Amino acid sequence: MEPEEKNPESRYGDPRKFDPTFKGPIYNRGCTDILCCILFMLALLGYFAVGILAWSQGDPRKVIYPTDSKGQFCGQVGSPLEKKPLLFYFNILKCASPLVLLELQCPTTQICVERCPDKFMTLVKALGNKDDVGNKTTFTDDGGKSINATDLLEASKKSNVVVEARAVAMRIFEDYTQSWHWILLGLVIAMLVSLIFVLLLRFLAGVMVWVMIFMVVLVIGYGIFHCYMQYASLKGIAGSDVTIRDLGLLTDFSVYLQIQQTWLAFMIILCIVEVVIILLLIFLRKRLRIAIALIKEASKAIGHVMSSLFYPLLTFALLSLVIAYWAITAVFLSTSNEPVYKVSNTTECMYSTNTCNPETFNSSNITTECPGAECLFAFYGGETLYHKYLILFQFYNLFLFFWCANFVTALGQVTLAGAFASYYWAFKKPDDIPAFPIFNSLGRALRYHTGSLAFGSLILAIVQIIRVILEYLDQKLKGAQNKCAKFLLSCLKCCFWCLEKFIKFLNRNAYIMVAIYGKNFCTSAKDAFFLLMRNIIRVAVLDKVTDFLLFLGKLLIVGIVGICSFFFFTGKIKMVEVAAPSLNYYWVPILTVVIGAYLIAHGFFSVYAMCVDTLFLCFLEDLERNDGTADRPYFMPERLLSILKKSNEGGKTVD
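This is a predicted model, so every value here is computed, not measured. (Residues numbered from 1 in each chain as written. Predicted model: local features only at pLDDT ≥ 70, side-chain atom pairs only at ≥ 80, totals over all residues. Heavy atoms only, no water.)

Participant: I would appreciate a short explanation of the layout of surface pockets in the present structure.
Facilitator: The gaps of empty space that remain are located by a probe, the size of a water molecule, rolled over the atoms. In this structure, the largest pocket encloses a volume near 1,800 Å³. Lining the largest pocket are 50 residues; nearest its centre among them are Thr315, Thr409, His602, Gly603 and Ser606. Elements supplying a minimum of two residues to the lining of the largest pocket: helix 7 (165-233), helix 11 (311-334), helix 14 (390-424), helix 16 (450-476), helix 17 (483-517), helix 19 (536-569) and helix 20 (587-625). Considering each element in turn, the lining of the largest pocket owes the most residues, 12 residues, to helix 20. (1 Å grid on protein atoms, 1.4 Å probe; cavity = no way out; pocket = protein on both sides within 12 Å on 5 of 7 lines; lining within 4 Å. Points joined across faces, edges and corners; volume = space filled by probe spheres on them. Helix = DSSP H or I, 4+ residues; strand = E, 2+ residues; numbered from the N terminus.)

Shown next, in the form of structure tokens:
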């Protein structure tokens, strides 16, 4: 019989030992993960090289102007398509494919037309009334053959409806031109509400958390009530009992709001959310006290480090730069393809399938040796070495985008973590807090830990690019009937999704340890993971409760701004001498304001979340390092000590 393990937690490392010299983030540190730093710099140089190559080969006019499947510009003066300025997509729903991110080309036939179709119907109705469809409308496919409307519908069986994409896009654009100033006003209001909310948390954290909980429950409750009233008001109205499935996909989305099933679905979803929130509050009520204490301490920390609230602006600017470079490079890469023409002949010909130039084909000897041969469009791509590896350049562009975006996020996390750790380990606050904690922490991160940030970002980027490859394979194999392959692919996608979430969680805590101790990424990740595993109960409950409360804060801000924008744009409330703009789809500005409000609230609360996570790890280390004696006093505030039923000898407490 094996001896009983004395310390069952030893497999997760030993608890932190008391160190009288430890006073927070270590200043005497060295550079970490230098090899990864060099690799990151070389990768960036390669990224710039790919960008220069793409800019020299690409033609962004193919994105700006309508281009058919052959690469011809619609409506170009002097071309056969001069009188066909518009582009028609046979199945625009295929443009939602993830492949568009890599190739920036919609995988459906596109032809130039003189005017857009003015009749639209579901495929089922069209096939049932072929005589009504007739042969009035004809188009030309890639091979130059005439296609009538009936044949077009037959070829589009995979799509349930023909979507009037251009008309919808134009209506949405018109709505933005009519409401853009109101949208900006809504976003400014969202920013002010978020700032006021954060400032109130600084002084009234406990009260604000409970008010926030009550308001979220109340806002969702009102949403349920409003959906029920709309559902009841449509009862008995002709056509309101039509199902969403019967309607199919329509370009006029307001039609969906005129049927009962839509409001019933909204009401059911809100009821489920309401019940889940209430049950969580009931079962986690005992943990709420500690979570609120942590939020109070986070509010106090942010109050002493107010510059942290403005740091997300730097992150936003850097991410915008990364996204812009990726998007521009992707556009130039995707537009560097060229139309490829090959010799086509009905009889035997030695030049058959050879590449040809349609401009010089008639004067070549091919027409002499192969009578009846034609130079026809084959595909849109290219046969040079550059074009053969074009898809690899696109993957490299996307991979470096992930790596750089993750690096910017990591830089923000380690910067905020270093500043908030300086606050926690200052025994006398604010006297012991170093001057300019954000700038000091940012300087340490860039000077010593660029390699560690690049290492963690690289791991995450590899997982993300694998997920993209799996999506790419999934789209390419959609026509395959092998159910085993589909099942395996689905399992892999699920596993890598979970792995990405876990790595993000681990990286976040590893960066906190990097900011505090200045060790390399692997050591910091191991120390953070072991620390969390030694306190798994607190992590599983307490840390997630604080995340839940912060999420409720974002939900409240979005709910307030969303409800106000809904009442304004639908004309249910009217301001003095100010009327809501006339819109085609009132959901366009509402949805824009809601998404923008969430991003703004997320920017403010991301600082809170990072602060809470940093204080939480410091709190766990404080419990392991110290015991409350005169020589080893706790650094945690009095409110946390009282909740945990701990105290410092002699009543010595942290300011």
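Okay, back to it.
Participant: In this structure, what is going on with a nonpolar patch on the surface? I would like to understand it.
Facilitator: A cluster of nonpolar side chains, namely Val188, Met191, Leu192, Ile196, Leu200, Phe203, Leu204, Val207 and Val211, defines an oily patch on the protein surface of about 810 Å² accessible area. Considering the arrangement of structural elements, one finds Val207 in helix 7. (Patch = residues over 30% accessible without salt bridge, like charges linked within 9 Å, V, L, I, M, F, W, Y side chains within 5 Å. Areas by Shrake-Rupley, 256 points an atom, 1.4 Å probe, with all protein chains shown as cover. Salt bridge = Lys/Arg side-chain N within 4 Å of Asp/Glu carboxyl O.)

Participant: Any chance you could explain helix 1 (residues 34-57) here in plain terms?
Facilitator: What sets the pattern is the α-helix's 3.6 residues per turn: residues three or four places apart point alike. Under the 1.5 Å per step criterion, the end-to-end length of helix 1 is 35 Å for 24 residues, consistent within 8% with the ideal 34 Å. Buried-residue contacts for helix 1 involve helix 11, helix 13 (385-388), helix 14 and helix 16. (Expected span 1.5 Å × (residues − 1). Contact = heavy atoms within 4.5 Å.)

Participant: Got a minute to help me understand the packing of helix 1 against helix 16 in this structure?
Facilitator: When two helices pack together, their arrangement is given by the angle between the helix axes and by the axis-to-axis distance. Axis separation between helix 1 and helix 16 bottoms out at 7 Å; the angle between their running directions is 70°. What the angle tells us is that helix 1 and helix 16 run roughly perpendicular. Contacts between helix 1 and helix 16 pair Cys36, Cys37, Leu39, Phe40 and Met41 from the former with Thr450, Gly451, Ala454, Phe455 and Leu458 from the latter. Counted by class, the contact of helix 1 with helix 16 contains 8 nonpolar, 2 polar and no charged residues. (Axes fitted to C-alpha atoms, helices over the stretch in contact; angles between N-to-C directions. Parallel < 35°, antiparallel > 145°, perpendicular 65-115°, else oblique. Nonpolar A, V, L, I, M, F, W, Y, C, P; charged D, E, K, R; others polar.)

Participant: Help me out: how do you make sense of the environment of Glu369 in this one?
Facilitator: Along the chain, the position of Glu369 falls in helix 12 (residues 366-369). Under the relative-accessibility criterion, Glu369 is labelled partly exposed at 44%. Measuring from C-alpha to C-alpha, the distance between Glu369 and Met350 comes to 8.9 Å, with 19 residues separating the pair along the chain. Excluding residues that lie within four positions of it along the chain, Glu369 makes contacts with Met350 and Tyr351. (Buried < 20%, exposed > 50% of the residue type's maximum accessible area, 1.4 Å probe, protein only.)

Participant: Hey, could you run me through helix 20 in this one?
Facilitator: The terminal C-alpha atoms of helix 20, which comprises 39 residues, lie 54 Å apart, in line with the 57 Å expected from a rise of 1.5 Å per residue. At Phe604, helix 20 shows its largest kink, close to 30°. Within helix 20, 29 of the 39 residues are buried, which leaves the element mostly enclosed by the surrounding structure. (Bend = angle between axes of the 7 residues up to and from the residue.)

Participant: Would you explain the packing of aromatic side chains in this entry?
Facilitator: Given two aromatic rings, one states the distance between the centres and the angle between the planes to describe the pair. Per the stated rule, a full pass over the model turns up 23 aromatic pairs. Between Phe568 and Phe569 the ring centres are 5.2 Å apart and the planes differ by 75°, which places this aromatic pair in the edge-to-face class. A single burial state applies to Phe568 and to Phe569, both of which are buried. With a centroid separation of 6.2 Å and 35° between ring planes, the pair formed by Phe605 and Tyr608 is classed as tilted. Placement of the pair is Phe605 and Tyr608 together in helix 20, with a separation of 3 residues, close to one helical turn. Exposure class is identical for Phe605 and Tyr608. Each is buried. Between the NZ or CZ atom of Lys519 and the centre of the ring of Tyr517, over which it lies, the distance is 5.9 Å. (Phe/Tyr/Trp six-rings, centres within 6.5 Å; stacked < 30°, edge-to-face > 60°. Lys NZ or Arg CZ within 6 Å of the ring centre and 35° of its normal.)

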